[in-house]
Amino acid sequence: MKRTLLLSYIPATKSHDGLAWQAQTLWAHDINANARFLDIDLLCPVKSHSATSPDMTPLKPNIVVHDLDSISADKLRNLVAQADFVQVPGNFTWKKSLTARRLLHMAKRSKTIGIVGISSNRARTAIMNARGRSLLRRGYARLQALSIRVSQRWLIRHADGVHVVGQGLRNL
């Protein structure tokens, strides 16, 4: 089975019994569907389990979770080199996309396929959510949207492919 390294900013937690990883239900269903066809190294924030956690669903056993906040550069390079694909999200600001840019750079050097995944038009959403707000808030939203677009363009130029999900994203 092919192996993919998937960067996500959606956290994972250990289940109550500490034996399995879990994530928010919608994300867990999505990644578990992919795990039917791929072995996945999931690079994401790891949060401690709390009683107030939202609805959580276990991740399949062939999804190996790596803590985004504590992984070493050497371990990250090894994961990239062992992967057949590296997929990074393409809908965040320039600052938030630093890890995605690093991963695509590592993928290029190790001749691993790099893919940018875009599942929402966050630039447009930022502007839409600022409508009717103060001039300062609308200006901030425009700067945020610009940062997202610049980041997307950089990632797409340095990737081998783009995975776009959703009808409303075709124009991107």
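What follows is about the packing of aromatic side chains. Per the counting criterion, the structure on display carries 2 aromatic pairs. Measuring from centroid to centroid gives 5.0 Å for Y9 and F92, while their planes differ by 80°, and the two rings are edge-to-face. With Y9 in the loop between strand 1 (2-7) and strand 2 (12-14) and F92 in the loop between strand 7 (85-89) and helix 3 (98-109), this residue pair connects regions lying 83 residues apart in the sequence. Ring geometry for W94 and W154: centres 6.3 Å apart, planes at 85°, overall edge-to-face. Placement of the pair is W94 in the loop between strand 7 and helix 3 and W154 in helix 5 (residues 135-157), with a sequence separation of 60 residues. Of the residues examined, W94 reaches a relative accessible area of 35% and is grouped as partly exposed. Judged by relative accessible area, W154 falls into the partly exposed class, the value being 23%. Over the aromatic face of W94 sits the side chain of R101, whose NZ or CZ is 3.7 Å from the ring centroid.

Attention now goes to helix 5. Over its 23 residues, helix 5 runs 33 Å from end to end, which matches the ideal 33 Å to within 8%, given 1.5 Å per residue. Among all positions in helix 5, only A141, A145, S147, I148, S151, Q152 and L155 are buried. Its buried side turned inward, helix 5 meets strand 7, helix 3, strand 8 (113-118) and helix 4 (122-129).

Counting 21 residues, the largest nonpolar core has L5, L7, V86, V88 and L103 as its most contacted members. Looking at this core, the elements with two or more residues in it are strand 1, helix 2 (73-82), strand 7, helix 3 and strand 8. Of all the elements, helix 3 adds the most residues to this core, at 5 residues. Contacts of L5, omitting those with residues within four sequence positions, involve D41, L43, L79, V80, A83, F85, V86, Q87 and L103. By size, the runner-up hydrophobic cluster in this structure holds 14 residues, among which are A12, A23, I31 and A35.

Next up on the list: the packing of helix 2 against helix 3. Running from N to C, helix 2 and helix 3 point in directions that differ by 55°, and their axes come no closer than 9 Å. Regarding the angle of helix 2 to helix 3, the classification is oblique. Pair helix 2 / helix 3 crosses with right-handed handedness. Contacts from L76, R77 and V80 in helix 2 reach L103, M106 and A107 in helix 3. In terms of residue class, the contact of helix 2 with helix 3 is built from 5 nonpolar, no polar and 1 charged.

Next up on the list: the sheet that holds strand 1. Strand order in the open sheet formed by 6 strands is 6-4-1-7-8-9, and the pairing between neighbours is parallel. At either end of the open sheet lies a strand with only one pairing partner, and these are strand 6 (63-67) and strand 9 (161-164). Put simply, the sheet's adjacent strands are angled 25° from each other on average, direction ignored. Most of the contacts of helix 5 go to strand 8, to which it runs at about 150°, and overall it touches strand 7, strand 8 and strand 9.

Another point: a nonpolar patch on the surface. Among the surface-exposed residues, W94, L143, L146 and V150 lie close enough to one another that they form a single nonpolar patch of about 390 Å² accessible area. Along the chain, the position of V150 falls in helix 5. Take V150: its relative accessible area is 41%, and that puts it in the partly exposed class.

Reading the values: rules and limits
- Residues numbered from 1 in each chain as written.
- Predicted model: local features only at pLDDT ≥ 70, side-chain atom pairs only at ≥ 80, totals over all residues.
- Heavy atoms only, no water.
- Phe/Tyr/Trp six-rings, centres within 6.5 Å; stacked < 30°, edge-to-face > 60°.
- Helix = DSSP H or I, 4+ residues; strand = E, 2+ residues; numbered from the N terminus.
- Buried < 20%, exposed > 50% of the residue type's maximum accessible area, 1.4 Å probe, protein only.
- Lys NZ or Arg CZ within 6 Å of the ring centre and 35° of its normal.
- Expected span 1.5 Å × (residues − 1).
- Contact = heavy atoms within 4.5 Å.
- Core = buried A, V, L, I, M, F, W, Y, C linked by side-chain atoms within 4.5 Å.
- Axes fitted to C-alpha atoms, helices over the stretch in contact; angles between N-to-C directions.
- Parallel < 35°, antiparallel > 145°, perpendicular 65-115°, else oblique.
- Left-handed = near helix turned anticlockwise from the far one by under 90°.
- Nonpolar A, V, L, I, M, F, W, Y, C, P; charged D, E, K, R; others polar.
- Pairing = 2+ DSSP bridges.
- Patch = residues over 30% accessible without salt bridge, like charges linked within 9 Å, V, L, I, M, F, W, Y side chains within 5 Å.
- Areas by Shrake-Rupley, 256 points an atom, 1.4 Å probe, with all protein chains shown as cover.
- Salt bridge = Lys/Arg side-chain N within 4 Å of Asp/Glu carboxyl O.

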